[in-house]
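Letter by letter, the chains look like this.
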Amino acid sequence: MSFFKPLDYLLILVGITFCTLSILSATTQQDGTPLLIVSSPANEYIYPLDTDTTVPIPGLEGISTIQIQQGQARYLDSPCANKTCVAASPIHRNGEWSACLPNGIFMRVENSTPDSTTDIDIMAF
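Residues numbered from 1 in each chain as written. Predicted model: local features only at pLDDT ≥ 70, side-chain atom pairs only at ≥ 80, totals over all residues. Heavy atoms only, no water.

Per the secondary structure count, the protein chain includes two helices and eight strands. Residues classed as buried in the protein chain amount to 29% of the 125 residues present. For the protein chain, the share of sequence-separated contacts (at least 6 apart) that also reach a separation of at least 24 residues comes to 44%. Accessible area of the protein chain: about 8000 Å², with a carbon and sulfur share of 62%. (Helix = DSSP H or I, 4+ residues; strand = E, 2+ residues; numbered from the N terminus. Buried < 20%, exposed > 50% of the residue type's maximum accessible area, 1.4 Å probe, protein only. Contact = heavy atoms within 4.5 Å. Areas by Shrake-Rupley, 256 points an atom, 1.4 Å probe, with all protein chains shown as cover.)

See the structure below:
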């Protein structure tokens, strides 16, 4: 005896399709300049991904070093014990993120809107 009726299968299929399309929509490239947004316990920093740089970000346990190179961002070094963030893959697409949880630093890639300023060097909030 089946617990599901034909309409139940249809609703499950619609739900899976909706979730898949939502994820694809959030992570596909959109118009605008890709920006790296870094949130730390003290501030939030914004960097363009098209400019190669290395930045120190103060966190709960010390300084994490983030490298932006060839349109990708990654943790170069962090004071955390297990260094999982350093071993993580670089991020570069809209919606991707990486974090150093022990140090309280979270970075994500977002595309700026076409009408926003595209000549941002650094912003701190």
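In terms of burial, strand β1 (residues 34-39) is largely enclosed, as five of its six residues are buried. In the sheet, β1 pairs with strand β7 (residues 105-111) via six bridges, with the strands oriented antiparallel. Following the sheet pairing, Val38 is matched in β7 by Met107. Where β1 meets strand β2 (residues 44-48), five bridges bridge the pair, whose relative direction is antiparallel. (Pairing = 2+ DSSP bridges.)

To continue, consider the packing of aromatic side chains. Per the counting criterion, the structure on display carries two aromatic pairs. Judged by centre distance (6.4 Å) and plane angle (20°), the ring pair of Tyr45 and Tyr47 falls under stacked. Of the two residues, Tyr45 and Tyr47, neither departs from the other in class, the shared state being buried. (Phe/Tyr/Trp six-rings, centres within 6.5 Å; stacked < 30°, edge-to-face > 60°.)

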